[in-house]
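Structural overview for review
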Amino acid sequence: MESIIVKNLRPEFNPVAVVWSDDIPEDAFQLKKGTFGCVLYLFAEASVRGKIAGGSRESILCTGGRAALGFGTDFDISDEQLDLHAALFSKGLQSTSNLAAYQAEIEAAPKNWRSLYEYGERRHCNAALAREWILHDFPRYDIQHKYVLFKPLGRTSGDENIRAVIFPVNPVEFSGLVTLAGSVMQGADPLRAPQGTDCCSIAAFAYAEAELAAPRAVLGMLGSDGREVMRRRFRDDIMTLTLPAPLFFRMEQEADDCVFQLPSWKRLVGRV
């Protein structure tokens, strides 16, 4: 796909399309079987290295990663799992009501994840708030497709099931995209900055926005753990701005006659 936004923005990093699919190319990057890897690696392979990457229910071992991509939500399939995830999303060992069970989860986790389990993600100040987020605020999907692909936008075609487009952006690129998004929407709030993991911001929350009459762009890379994972692939000043597909295509229609054509923008990005 030749994007009008990309032609005008000329972003430093490749934007990545999130595609629902029943097939995956033979040469696509996937996490190794049995490897507990982060969904963000798939996104990074597509953006930084230009590869097609993908995941399925079988290849994504992380419960949160599966939920983020839309492969079902297991956070609360039992009281034990609800307690585990409420503790993980708040203050870890401090927040669990079943210390022995939670300690066992820590010991079973990969070594490089154990401190995360011990301290928790600190996205909620207590387990009660985390439970409310799990039960009422997290967007739940169980898609009827085998794979979620991360494809460099330039390698997509118009007949694919594109659900969102992720732009890794520096502050200047971010300002331009948010201005363009706001220009095609009513109101003064074109941006959503949801509380949740970074894998959720590039997928599940964008899926949810796409279902609304006025979908907003979704800001991501707000978590310390996600930023640490991505540090070797992106600079510290890079955020993600994920455009739900309906918003992306509406912005495409305006991208040849928007903020990117202003003399001030051209001076800002050194094109004058």
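A brief report on the enclosed structure follows.

Each value, and the rule that gives it
- Counting restarts for each chain, with residues numbered from 1 along the sequence as it is written.
- Local features in this predicted model are restricted to residues of pLDDT 70 or higher, and side-chain atom pairs are both shown and tallied only at a pLDDT of 80 or more, whereas totals for entire chains, interfaces and linings draw on every residue.
- Excluded from the side-chain calculations are hydrogens and water; all other atoms, namely the structure's heavy atoms, are used.
- Helix and strand labels come from DSSP, where a helix needs a run of H or I of at least four residues and a strand needs a run of E of at least two; each type is numbered from the N terminus.
- As a reference, a globule follows 2.2 Å times the number of residues to the power 0.38, and the radius of gyration itself is taken over C-alpha atoms.
- Using a 1.4 Å probe on the protein chains alone, a residue whose accessible area is under 20% of its type maximum counts as buried, one over 50% counts as exposed, and one in between counts as partly exposed.
- Residues are treated as being in contact if the distance between any of their heavy atoms lies within 4.5 Å.
- Each accessible area is a Shrake-Rupley result for a 1.4 Å probe, and residues are judged covered by the shown protein chains and nothing else.
- Positive residues here are Lys and Arg, negative ones are Asp and Glu, while His and the chain termini are left out of the count.
- We put the charge of a Lys on NZ, of an Arg on CZ, of an Asp on CG and of a Glu on CD.
- Put simply, the grid is 1 Å and covers the protein atoms alone, a cavity is a trapped set of points that fit a 1.4 Å probe, a pocket is an open set with protein on both sides within 12 Å along at least five of seven lines, and lining residues have an atom within 4 Å of a point.
- Grid points are joined across faces, edges and corners, and a volume is the space filled by probe spheres set on the points.
- Any Lys or Arg side-chain nitrogen found within 4 Å of a carboxyl oxygen on Asp or Glu counts as a salt bridge.
- Note on aromatic pairs: the rings of Phe, Tyr and Trp (six-membered ring only in Trp) are paired at centre separations within 6.5 Å, and the planes decide the class, stacked below 30 degrees, edge-to-face beyond 60, tilted for the rest.
- In this count, Pro and Cys sit with the nonpolar residues alongside Ala, Val, Leu, Ile, Met, Phe, Trp and Tyr, while Asp, Glu, Lys and Arg are called charged and the others, Gly among them, polar.
- Whether two strands pair depends on DSSP finding at least two bridges between them.

**As for the overall build of the protein chain**
Along the backbone of the protein chain there are 13 helices and 7 strands. Whereas a compact globule of 272 residues would reach a radius of gyration of roughly 19 Å, the protein chain reaches 19 Å, a difference of no more than 12%. Each of the three principal axes of the protein chain carries a C-alpha extent, and together these read 65 × 40 × 35 Å. The buried share of the protein chain, reckoned over its 272 residues, is 53%. Put simply, of all contacts in the protein chain between residues at least 6 apart along the chain, 78% involve residues at least 24 apart. Here the protein chain displays about 12900 Å² of accessible surface, and carbon together with sulfur accounts for 49% of that area. With 30 positive and 35 negative side-chain charges, the protein chain shows a separation of 6 Å between the mean positions of the two kinds.

**Some details on the layout of surface pockets**
By volume, the largest pocket amounts to about 890 Å³. Mapped onto the lining of the largest pocket, the elements with two or more residues apiece are α2 (39-49), α3 (63-69), α4 (79-89), α5 (99-108), α6 (114-119), α9 (198-201) and α11 (224-230). Top element by residues in the lining of the largest pocket is α4. It accounts for 5 residues.

**Side note on the pattern of salt bridges**
Using the criterion set out here, one finds 15 salt bridges in the structure. Arg-49 is the partner of Glu-45 in a salt bridge, and the nearest nitrogen-oxygen pair spans 2.9 Å. Placement of the pair is Glu-45 and Arg-49 together in helix α2, with a separation of 4 residues, close to one helical turn. Accessibility expressed as a relative area gives 5% for Glu-45, which makes it buried. Arg-216 is the salt-bridge partner of Glu-209, the closest N and O atoms lying 3.5 Å from each other. According to the relative accessible area criterion, Arg-216 is partly exposed, its value standing at 22%. In the salt-bridge network here, residues are joined through shared partners; they are Asp-189, Arg-192, Glu-209 and Arg-216.

**Description of the packing of aromatic side chains**
With the rule as written, the count across this model stands at 13 aromatic pairs. Measuring from ring centre to ring centre gives 5.0 Å for Phe-13 and Phe-234, while their planes differ by 70 degrees; the resulting arrangement is edge-to-face. Pair noted here: Phe-13 is in the loop between α1 (4-9) and β1 (16-21) and Phe-234 is in the loop between α11 and β7 (239-244), with a separation of 221 residues, a long-range link. Comparing Phe-13 with Phe-234, the two get one shared label, buried. Aromatic pair Phe-75 and Phe-89: ring centres 5.3 Å apart, planes at 85 degrees, arrangement edge-to-face.

**A few points about empty space enclosed by the protein**
Per the counting criterion, the structure on display carries 1 cavity of 30 Å³ or more. The volume enclosed by the largest cavity comes to roughly 70 Å³. Counting only elements with at least two residues in the lining of the largest cavity, the list comes to α11 and β7. Across the lining of the largest cavity, the residue classes tally to 7 nonpolar, 1 polar and 4 charged.

**Notes on the pairing of strand β3 (residues 147-152)**
A large share of β3 lies buried, amounting to 6 of its 6 residues. Where burial is concerned, the two faces of β3 agree: the one with Tyr-147, Leu-149 and Lys-151 and the one with Val-148, Phe-150 and Pro-152 are both buried. Of the strand pairs in this sheet, β1 and β3 are connected by 6 bridges, and their pairing is antiparallel. In the sheet register, Val-19 faces β3, and the bridge partner there is Leu-149. Relative to β3, strand β2 (residues 53-56) runs antiparallel, the two being bridged by 4 bridges. Looking at the pairing, Gly-54 lines up with Leu-149 of β3.

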